[in-house]
Amino acid sequence: MTDSTWLNRDHQFAPGKELFRSERSFHLLAFTASHSQLLMRSVGHPSGAGEPGEPGEPGEPETTIDLLFKPAYVMKISTDYRGLAIRCATETETERVKAEHADMSFGRDDRVFVLESRGESDYVVAMAVGWTEGVLRRTQQSFFNTFHPSRPLAWPSQPLSGVDAGLDIASAQELVEALSAEENATIRRERHRHISVLMTRVMRPEGPEVTAAGAFLTRADAEEALTVITARSVDCWIEEIPIAV
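Let me sum up the structure you'll find in this document. Keep in mind that this is a model prediction, so the values were computed, not measured. (Residues numbered from 1 in each chain as written. Predicted model: local features only at pLDDT ≥ 70, side-chain atom pairs only at ≥ 80, totals over all residues. Heavy atoms only, no water.)

### Observations concerning the side chain of Arg-24
Counted only if it meets this: The helix count covers DSSP runs of H or I at least four residues long, the strand count covers runs of E at least two residues long, and both are numbered beginning at the N terminus. In this scheme, a residue with accessible area under 20% of its type's maximum is buried, one over 50% is exposed, and one in between is partly exposed, where area comes from a 1.4 Å probe on protein chains only. The term polar contact refers here to a pair of N or O atoms within 3.5 Å; inside protein, the definition further demands a hydrogen-donor-capable atom paired with an acceptor-capable atom, and it admits residues adjacent in sequence only when both atoms are side-chain atoms. The contact criterion used is simple: two residues touch if any of their non-hydrogen atoms lie within 4.5 Å.
Looking at where Arg-24 falls in the secondary structure, it is placed in strand β2 (residues 18-32). By relative accessible area, which is 16% here, Arg-24 ends up buried. Polar side-chain contacts of Arg-24 include one of 2.9 Å to the side chain of Ser-42. For Arg-24, the side chain forms a polar contact with the main-chain oxygen of Thr-63, separated by 2.5 Å. Residue contacts for Arg-24: discarding those within four places in its chain leaves Ser-42, Val-43, Gly-44, Pro-61, Thr-63, Thr-64, Ile-65, Tyr-81, Arg-82, Gly-83, Leu-84 and Glu-133.

Structure below.
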């Protein structure tokens, strides 16, 4: 079960109104240039599990909270918050923030959200804010990027769809370590690594036979193998496939 809230209507944003409050810790998870999405997360540990290889703390929350601002045009934020409250800015605060960014053109639906934590205040200017709380599956990147049977058909490999900074891309060494870790069955899949899969197509009497001939950690290795296969007049190409790490 998940509990979701999405706020994007004028009547939901009275000046000074508190929208969200939690005593949990949050961290900046992702930002994507596509639709200017800003995602923050409070990590949960299902079944009491802590960090990989460590026991969970008594009373530690099992749920994950994903908090999304969209589209976020201006922001003054920290990477981590220990306890977080979000409220609508007062009219005075809104005027001050917009004056600080006088070179920008704000629309009537651009709202100033004040983020408060441990006596400090930050802000995000966005049209909407929302959050979802629930138990996040190990291979699910976030509650805001789910699998859709569209073209291309691909499992989501990042917390938000679209172009992002690539902060969740794992190194080849991290992939190797994940494959060999004893606690691999319980590791939270928060990063990914693209591997290069060499695909071949051979025409048979009953129709085309498409096969994955091999998977390679680097594009260069896949291209070397592609050269060998195409030299034998076999239809061959490379597909980039994400692996959850």
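Anyway, onward from the coordinates.
### Remarks on the sheet that holds strand β10 (residues 235-244)
Condition: Two strands qualify as a pair provided that DSSP identifies no fewer than 2 bridges between them. Every angle, taken between N-to-C directions, lies between 0 and 180 degrees, and every axis is a line fitted to C-alpha atoms, over only the stretch in contact when it is a helix.
Read from one edge to the other, the open sheet built from three strands follows the order β9-β8-β10, with strand pairing classed as antiparallel. Looking at the sheet topology across the chains shown, the edges are occupied by β9 (207-216) and β10. Each neighbouring strand pair of the sheet contributes to a mean axis angle of 30°, computed without reference to strand direction. Inspection of the sheet shows strand β8 (residues 192-204) paired to β9 by nine bridges, in the antiparallel sense. Note that in β9 the partner of Val-202 across the bridge is Glu-209. Across the sheet, helix α3 (residues 219-230) is in contact with β8, β9 and β10; its angle to β10 comes to roughly 155°.

### Quick notes on the nonpolar core
When a protein is soluble and globular, its nonpolar side chains tend to lie buried together. Cut-off, in case you're wondering: By convention a nonpolar core is built from buried Ala, Val, Leu, Ile, Met, Phe, Trp, Tyr and Cys residues, the set being connected through side-chain atoms within 4.5 Å.
Residues Leu-67, Phe-69, Ile-86, Phe-113 and Leu-115 are the most contacted members of the largest nonpolar core, which totals 21 residues. Mapped onto this core, the elements with two or more residues apiece are β2, β3 (37-42), β4 (64-76), β5 (80-88), β6 (111-117) and β7 (120-134). If near-sequence neighbours (up to four positions away) are discounted, Phe-69 is found in contact with Ser-36, Gln-37, Leu-38, Ile-86, Phe-113, Leu-115, Val-124, Ala-126, Ala-128 and Val-129.

### With respect to the pairing of β4
One ladder, built from five bridges, connects β3 with β4; its direction is antiparallel. Counted as the bridge partner of Leu-39 is Leu-68 from β4.

### A closer look at the packing of aromatic side chains
Let me state the cut-off plainly: Aromatic pairing here means that ring centres of Phe, Tyr or Trp (its six-membered ring) are within 6.5 Å. Orientation follows from the plane angle: under 30 degrees is stacked, over 60 is edge-to-face, and everything else is tilted.
A full pass over the atoms with the stated rule returns five aromatic pairs. Both rings, one in Trp-6 and one in Phe-144, keep their centres 6.5 Å apart while their planes meet at 50°; by these two values the pair is tilted. Of this pair, Trp-6 sits in strand β1 (residues 2-7) while Phe-144 is found in the loop between β7 and α2 (172-180), placing the two residues 138 residues apart along the sequence. Overall, Trp-6 belongs to the partly exposed group, its relative accessible area being 34%.

### Here's the deal with the pattern of salt bridges
Put simply, the rule is: Note on definitions: salt bridges are taken to be side-chain nitrogens of Lys or Arg within 4 Å of carboxyl oxygens of Asp or Glu.
Overall, the coordinates contain 14 salt bridges when judged by the stated rule. The residue Asp-10 makes a salt bridge to Arg-108 at a minimum N-O spacing of 3.1 Å. One end of the pair, Asp-10, is in the loop between β1 and β2; the other, Arg-108, is in the loop between α1 (91-100) and β6, and 98 residues separate them in sequence. With a closest N to O distance of 2.8 Å, Arg-21 and Glu-18 form a salt bridge. Because the salt bridges share partners, they merge into one network encompassing Asp-10, Arg-108, Asp-109 and Arg-111.

### Some details on the side chain of Gln-12
For Gln-12, the location among the structural elements is in the loop between β1 and β2. Judged by its relative accessible area of 17%, Gln-12 is buried. There is a polar contact of 2.9 Å between the side chain of Gln-12 and the backbone nitrogen of Asn-8. Among the polar contacts made by the side chain of Gln-12, one reaches the main-chain amide nitrogen of Arg-9 at a distance of 2.9 Å. Among residues more than four places away in sequence, those in contact with Gln-12 are Trp-6, Leu-7, Lys-17, Leu-19 and Cys-88.

### A look at a nonpolar patch on the surface
For the record, the criterion: Patch definition: residues with relative accessible area over 30% and no salt bridge; like charges joined within 9 Å; nonpolar side chains (Val, Leu, Ile, Met, Phe, Trp, Tyr) joined within 5 Å. A 1.4 Å probe and the Shrake-Rupley method give the accessible areas. Residues count as covered only by the protein chains that appear here.
A cluster of nonpolar side chains, contributed by Tyr-73, Met-104 and Met-127, occupies part of the molecular surface with about 240 Å² of accessible area. You can see Met-104 is positioned in the loop between α1 and β6. Taking relative accessible area as the criterion, Met-104 reaches 32% and is therefore assigned partly exposed.

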